[in-house]
Amino acid sequence: MGYKVAVVGATGAVGREMLAILAERRFPADEVVPLASRKSMGVEVSYGDKTLKCKTLEHFDFSDVDICLMSAGGAVSKEWSPKIAAAGAVVIDNSSAWRYDADVPLIVPEVNAAAAAGFRKRGIIANPNCSTAQLVVALKPLHDRAKIKRVVVATYQSVSGAGKDGMDELDRQTKAIYSLQEIETKKFSKRIAFNVIPHIDVFQDDGFTREEWKMVAETKKILDPKIKLVATCVRVPVFVGHSEAVNIEFAEPITADEAREILHSAPGCLVIDRREPGGYVTPHEAAGEDATYISRIREDPTVENGLAMWVVSDNLRKGAALNAVQIAEVLLNRKLIQAKKKAA
Ligand SMILES: NC(=O)c1ccc[n+]([C@@H]2O[C@H](COP(=O)([O-])OP(=O)(O)OC[C@H]3O[C@@H](n4cnc5c(N)ncnc54)[C@H](OP(=O)(O)O)[C@@H]3O)[C@@H](O)[C@H]2O)c1
């Protein structure tokens with residue numbers, strides 16, 4: 001018997017990708033139900049070669065749903081995830097609402113799939129922030145080999161990380177510039193077209209942004225609480241695909257060649273690293289792909305046991321929708337859930 005899967009936020013940037021990935025990976029679902037806000041009732045979304053009509057979250061009965069992929073922001077998740085879990089569905093949430101809750105596992109399957117079994121306390125599993133997901137996929141195999149002490153990362157995050165409104169703003173501003181119209185700024189704090197903005201999410205008292213803090217807290221929770229990390233998160237005028245310039249300090253020696261070899265065979269990683277023009281991956285090539293691409297691997301001569309590298313991935317896929325579907329696959333493969341009996 002197959003599973004019944006609900007996708008909350010099905011009209012959004014991540015939700016649409018979730019539907020595509022469930023179909024692409026032939027997730028064993030007998031029924032997939034797209035849900036969104038009241039204003040989207042009846043809106044059509046694609047699921048493989050089928051078209052489905054969105055239903056309204058607030059009027060939906062979750063009692064025969066097995067898995068709910070949630071991607072409708074933190075406030076919706078805070079209110080709805082406990083109710084959906086109480087109805088007996090496992091919630092896999094993309095927002096930051098539950099990530100730091102000690103009773104909610106925060107999962108990147110290539111890194112800590114075994115921790116998914118902890119979902120029973122609340123019935124919720126959290127998906128990390130998009131920048132964290134690709135980073136820990138690249139760090140984990142190196143940490144296993146040479147123990148990471150400290151990471152310094154600068155991100156170059158695409159506008160789709162801010163949802164469909166972010167993509168619309170870059171599109172509108174770019175057209176306005178070419179047609180000499182006035183530029184309107186709504187989603188981002190400054191113009192994003194032909195610009196970069198060193199600010200994502202809210203500012204904290206210590207001067208870091210919440211996005212930067214998330215990378216620290218989530219890397220510790222997923223990979224190792226002993227790892228020190230400092231981040232600068234920057235929004236760039238790219239539609240899809242986050243890039244990261246990463247400097248890593250290890251406890252033990254490791255050469256660039258060794259790191260390249262380890263990453264070559266590591267789950268979820270694809271090394272493209274030729275020391276010539278174009279011998280590296282940019283977000284344009286990573287968009288629509290599943291891998292975390294690693295390029296520009298080199299030794300950092302300014303510290304003992306240091307490496308520098310460039311990490312790129314599709315933020316809507318590995319950073320969100322793909323990771324969520326992979327978590328659902330972990331639940332099935334490890335037999336952590338069974339399909340509920342459905343009414344005939
Ligand atoms: N974009 C990324 O790279 C990324 C990565 C990791 C995590 N996330 C997280 O994933 C979540 C969704 O992000 P997104 O980029 O897909 O945002 P988005 O494009 O703005 O989509 C938001 C979705 O939530 C739905 N929604 C909003 N209010 C709702 C309500 N009251 N009831 C039901 N549905 C409601 C929207 O439906 P309507 O169309 O009906 O309003 C829409 O489907 C956020 O929590 C975000 O932080 C995003």
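Procedures and definitions
Residues numbered from 1 in each chain as written. Predicted model: local features only at pLDDT ≥ 70, side-chain atom pairs only at ≥ 80, totals over all residues. Heavy atoms only, no water. Helix = DSSP H or I, 4+ residues; strand = E, 2+ residues; numbered from the N terminus. Polar contact = N/O pair within 3.5 Å; in protein donor to acceptor, adjacent residues only side chain to side chain. Contact = heavy atoms within 4.5 Å. Pairing = 2+ DSSP bridges. Axes fitted to C-alpha atoms, helices over the stretch in contact; angles between N-to-C directions. Expected span 1.5 Å × (residues − 1). Buried < 20%, exposed > 50% of the residue type's maximum accessible area, 1.4 Å probe, protein only.

Considerations on the side chain of D273
Thought 1: Relative to the assigned elements, D273 resides in the loop between β12 (269-271) and α8 (283-286).
Thought 2: A distance of 2.8 Å separates polar atoms of two side chains, one belonging to D273 and the other to R260.
Thought 3: A distance of 2.9 Å separates a polar side-chain atom of D273 from the backbone nitrogen of R296.
Thought 4: Setting aside its immediate chain neighbours within four residues, D273 contacts R260, G279, I294, S295, R296 and I297.

Some thoughts on the environment of H143
Thought 1: Relative to the assigned elements, H143 resides in helix α4 (residues 130-146).
Thought 2: Sequence separation between H143 and I197 is 54 residues, and the spatial gap between their C-alpha atoms is 31 Å.
Thought 3: When near neighbours in sequence (up to four residues on either side) are disregarded, H143 contacts I148, L223, D224 and I227.

Description of the sheet that holds strand β10 (residues 228-235)
Thought 1: With mixed pairing, six strands are arranged side by side in an open sheet as β10-β9-β11-β14-β13-β12. In this open sheet, the two edge strands, each paired with only one partner strand, are β10 and β12. The sheet shows a mean angle of 25 degrees between the axes of neighbouring strands, taken without regard to direction.
Thought 2: Bridge count for strand β9 (residues 148-157) against β10 is eight bridges, and the pairing is parallel. For Q157, the partnering residue across the bridge sits in β10 and is R235.
Thought 3: The strands touched by α4 are β9, β10, β11 (242-250), β12, β13 (292-299) and β14 (306-313); relative to β11, the strand with the most contacts, the crossing angle is about 30 degrees.
Thought 4: Across the sheet, helix α6 (residues 210-222) touches β9, β10 and β11, and the angle it forms with β10 is around 140 degrees.

Structural notes on helix α1 (residues 13-24)
Thought 1: Across its twelve residues, α1 extends 17 Å between first and last C-alpha, which sits within 8% of the 16 Å expected from 1.5 Å per residue.
Thought 2: Those residues of α1 not exposed but buried are A13, V14, G15, E17, M18, L19, I21 and L22.
Thought 3: Those residues of α1 hidden inside the fold are in contact with β1 (3-8), β2 (29-36), β3 (44-47), β6 (67-70), α5 (163-178) and α9 (317-333).
Thought 4: Count one or two residues on from α1 and you reach R26, which has phi positive near 50 degrees.

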